[in-house]
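Summary of the model geometry
The primary structure of each chain is shown beneath.
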Amino acid sequence: MTLKTETADTDAAKSFDLLNVPDEYFENPYPYFRLLRDADPAHWNSDGSVLLTRYADVRQVWRDISGEVFKGEQFGQRFGEGPLLEHHTSTMLFRDPPDHDRLRNIVNPFFSQASIQSVRGFIEETVEKYLDVVAEKRDIDFVSDFAFRLPVAVICKLIGVPVEDADYIQGVGRKVLFPLNPAVPAEVIAEGHDATAEFKSYLRPFLEKRQRSSDIDPMSDVLSAMVAAQRNGVTVSDDEILHMCIVTLNGGHETTTNLISQSIHYLLDDPEAMAQMRNGDVPVNVAIEELVRFITPLQLQGRRVTRDIELDSGNGTIPKGTEVIICQASANRDDRVFDNPEKLNLARKPNNHMGFGAGIHVCIGRPLARLEASVAVPAVLRRFKTIERTGPAHFNHNTRFRGLADLPLRLA
Ligand code: HEM
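Conventions and cut-offs
- Residues numbered from 1 in each chain as written.
- Predicted model: local features only at pLDDT ≥ 70, side-chain atom pairs only at ≥ 80, totals over all residues.
- Heavy atoms only, no water.
- Helix = DSSP H or I, 4+ residues; strand = E, 2+ residues; numbered from the N terminus.
- Rg over C-alpha atoms; globule rule 2.2 N^0.38 Å.
- Contact = heavy atoms within 4.5 Å.
- Lys, Arg positive; Asp, Glu negative; His and termini not counted.
- Charge placed at Lys NZ, Arg CZ, Asp CG, Glu CD.
- Donors = N, O, S within 2.8 Å, 3.2 Å for Na, K, Ca; no water.
- Axes fitted to C-alpha atoms, helices over the stretch in contact; angles between N-to-C directions.
- Left-handed = near helix turned anticlockwise from the far one by under 90°.
- Core = buried A, V, L, I, M, F, W, Y, C linked by side-chain atoms within 4.5 Å.
- Buried < 20%, exposed > 50% of the residue type's maximum accessible area, 1.4 Å probe, protein only.
- Pairing = 2+ DSSP bridges.
- Parallel < 35°, antiparallel > 145°, perpendicular 65-115°, else oblique.
- Nonpolar A, V, L, I, M, F, W, Y, C, P; charged D, E, K, R; others polar.
- Near = heavy atom within 4 Å.
- Polar contact = N/O pair within 3.5 Å; in protein donor to acceptor, adjacent residues only side chain to side chain.
- Phe/Tyr/Trp six-rings, centres within 6.5 Å; stacked < 30°, edge-to-face > 60°.
- Lys NZ or Arg CZ within 6 Å of the ring centre and 35° of its normal.

Helices and strands together make up the secondary structure of the protein, namely 19 helices and eleven strands. In terms of C-alpha radius of gyration, the protein reaches 21 Å, essentially the compact-globule figure of 22 Å for 412 residues. Taken along its principal axes, the extent of the C-alpha atoms in the protein is 65 × 55 × 40 Å. Counting only contacts in the protein whose residues sit at least 6 apart along the sequence, the fraction spanning at least 24 positions is 71%. Each charge sign in the protein was given a centre, from 46 positive and 59 negative side chains, and these centres are 4 Å apart.

Set out below in structure tokens:
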């Protein structure tokens, strides 16, 4: 697709193909989203799915409880039988009620706003520890040297495995996640199967240890919460527990890394917002919500509609059985809802963004993500009075998890 003007261009919008986006899309997808919102808001993709880009339509489909996420048949064709297929059909992320609710209800109390505060001390200590390391180096890649480290360490603690294993489990976790991208080669799928099997073998002794223990605290970690539920007669298999740990890692680390690294990236581009953040002119929780809206680390989601859906916005009817791609990244920049949406406005209120989703699958880890970012971003600015770029930052070629591959900085 060639972007000719900033005004609606129906032909250009109709020729957009999410399965084959140009390189510029990865650097900046927002002009494409604006074009689609204005000229083709219910856009048919080449594979027969529909891409929704307006806030009202995204919200409607996301909140519609008749929408389904289970993809047994589709994933079966793509992955073939094996551990990878088992994983992506066993977690709450890809299951519909009642199984979704059964699994989510077990861990819900553990992820609540109140209980997640118990890891605040750990997060603060971990942030300071990694800042000590980067302060020594001065010239760093902010993504690999800092932003990637915190979320994985926190998730190790949350799952109930040694924090020292963070690098290892991050590596295995990514191989489980990567095959979800469109058009991946066969070896990536084979690696995904092996990595899922390996991850399960790694986690199993930690599970069995808790199952042998007579005294477990369900609020101490995810494994303990799930073993306690098993003991209390809730139907949950050992495999479902292991897959819950893997989805917690994969749901929580890449997204939070991308939020923290892009927060610094976009603040560097915007001296006014940077000064506001440094001076604490805006309450940190308000500023973080705006960063989530502006960045939207998880950009796309899928739903299969199980009935004809007439879009409230008047943008047409989606026939029953259609795979819908929800583009929350576009919804969060929709000027029908947000005033001057392309501007990072840390004080923005109201800010009903959908960066964490909507409906029954709304992000269970959002209190944790908010907490991590609200500790980490101000701590970086407090520690380093000067933060300079030493080269251009690059974005990953990933349409779902938009994130920086690197962010070279000099800190002083
Ligand atoms: C900035 C960081 C994060 C963003 C932007 C984000 C975004 C999202 C979104 C949009 C969904 C909805 C998926 C759907 O509707 O299909 C979701 C679900 C989920 N998130 Fe997050 N997330 C973040 C951090 C976390 C963290 C820290 C964790 C765990 C520690 C986590 C675990 C999950 C899980 C397990 C689900 C599935 C919930 C369900 O299916 O009921 N996320 N997340």
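Next, the rest of the story.
The subject of this paragraph is the coordination of the iron atom of the ligand. A lone protein donor contacts the iron atom of the ligand, and this donor is Cys-363 (SG), found at 2.3 Å. Relative to the helices and strands, Cys-363 is located in the loop between helix H18 (328-331) and helix H19 (366-383).

Axis separation between helix H9 (residues 120-137) and H19 bottoms out at 10 Å; the angle between their running directions is 35°. Pair H9 / H19 crosses with right-handed handedness. For the pair H9 and H19, the contacting residues are Arg-120, Ile-123, Glu-124, Val-127, Glu-128, Leu-131, Asp-132 and Ala-135 in the first and Leu-368, Leu-371, Glu-372, Val-375, Ala-376, Ala-379, Val-380, Arg-382 and Arg-383 in the second.

A few words now on the nonpolar core. In this structure, Phe-142 and Phe-146 are the most contacted members of the largest nonpolar core, which totals 103 residues. Tallying contributions element by element places helix H15 (residues 238-268) first for this core, with twelve residues.

What follows is about the sheet that holds strand E11 (residues 408-411). Reading across from one edge, E3-E11-E8 is the order of the three strands in this open sheet, with antiparallel pairing throughout. Taken across any chain shown, the strands that pair with only one partner, and hence form the sheet edges, are strand E3 (139-141) and strand E8 (387-389). Each strand of the sheet is rotated relative to its neighbour by a mean of 35°, with strand direction disregarded. The sheet contact formed by E3 and E11 spans three bridges and is antiparallel. Its bridge partner lying in E11, Asp-141 is registered against Pro-408.

Our next topic: the side chain of Gln-299. Take Gln-299: it is sitting in the loop between helix H17 (284-295) and strand E4 (300-304). Those residues in contact with Gln-299 that sit more than four places away from it in its chain are Pro-29, Tyr-30, Phe-33, Ile-326, Cys-327, Gln-328, Ala-329, Thr-399, Arg-400 and Arg-402.

A few words on the sheet that holds strand E2 (residues 50-52). The strand order across the open sheet formed by four strands is E1-E2-E7-E4, and the pairing between neighbours is mixed. Here the strands that pair on one side only, and so sit at the sheet edges, are strand E1 (42-44) and E4. Strand-to-strand twist across the sheet, computed as the mean angle between neighbouring axes with direction ignored, equals 25°. Bridge count for E4 against strand E7 (residues 323-327) is five bridges, and the pairing is antiparallel. Within the sheet, the bridge partner assigned to Arg-303 lies in E7 and is Val-324.

Moving on: the packing of helix H12 (residues 166-177) against helix H13 (residues 186-212). At a minimum axis separation of 7 Å, H12 and H13 run at an interaxial angle of 140°. One finds that H12 runs oblique with respect to H13. Crossing of H12 over H13 shows left-handed handedness. Counted together, Tyr-168, Ile-169, Val-172, Gly-173, Lys-175 and Val-176 of H12 and Glu-191, Gly-192, Ala-195, Thr-196, Glu-198, Phe-199 and Tyr-202 of H13 form the full contact between these two elements. Classifying every residue of the contact of H12 with H13 by side-chain character gives seven nonpolar, three polar and three charged.

Before going further, it helps to spend a moment on the site of the ligand. His-100, Arg-104, Arg-303, His-361 and Cys-363 are the nearest of the 28 residues found near the ligand. Interatomic distance of 3.4 Å between a backbone N/O atom of Met-92 and an oxygen atom of the ligand.

On to the pairing of E11. The alternating pattern of E11 places Leu-409 and Leu-411 on a buried face, while none of Pro-408 and Arg-410, on the opposite face, is buried. Sheet analysis places E8 next to E11, joined by three bridges and oriented antiparallel. Considered in E11, the bridge of Ile-387 is made with Leu-411.

This part is about unusual backbone geometry. Following Pro-97, the chain continues to Pro-98 via a peptide bond in cis, the omega torsion being 5°. Residues other than glycine seldom take positive phi values, yet Thr-296 does so here, at roughly 40°. Topologically, Thr-296 is positioned in the loop between H17 and E4. Relative accessible area serves as the criterion here: at 0%, Thr-296 is assigned to the buried category.

The next subject is the packing of aromatic side chains. To describe a pair of aromatic rings, one takes the distance between the centres and the angle between the planes. Within this structure, the stated rule accounts for 15 aromatic pairs. An angle of 40° between the planes, with centres 6.0 Å apart, marks the rings of Phe-16 and Tyr-32 as tilted. Taken together, the positions of Phe-16 in the loop between helix H1 (10-14) and helix H2 (23-27) and Tyr-32 in helix H3 (residues 30-39) put the pair 16 residues apart, joining distant regions of the chain. Residue Tyr-32 is classed as buried on the basis of its relative accessible area of 3%. Pairing Tyr-25 with Phe-26 gives two aromatic rings, centres 5.8 Å apart and planes at 85°, and the pair type is edge-to-face. Taken as a pair, Tyr-25 and Phe-26 share a single burial class, namely buried. Counting every residue linked through ring pairs, the aromatic cluster contains Phe-16, Tyr-25, Phe-26, Tyr-30, Tyr-32 and Phe-33. A cation over a ring is seen here: Arg-293 above Phe-338, with NZ or CZ 5.4 Å from the ring centre. Over the ring of Phe-395 we find Arg-402, and its NZ or CZ is 3.9 Å from the ring centre.

So far we have only geometry, and geometry alone does not tell us how the molecule works.
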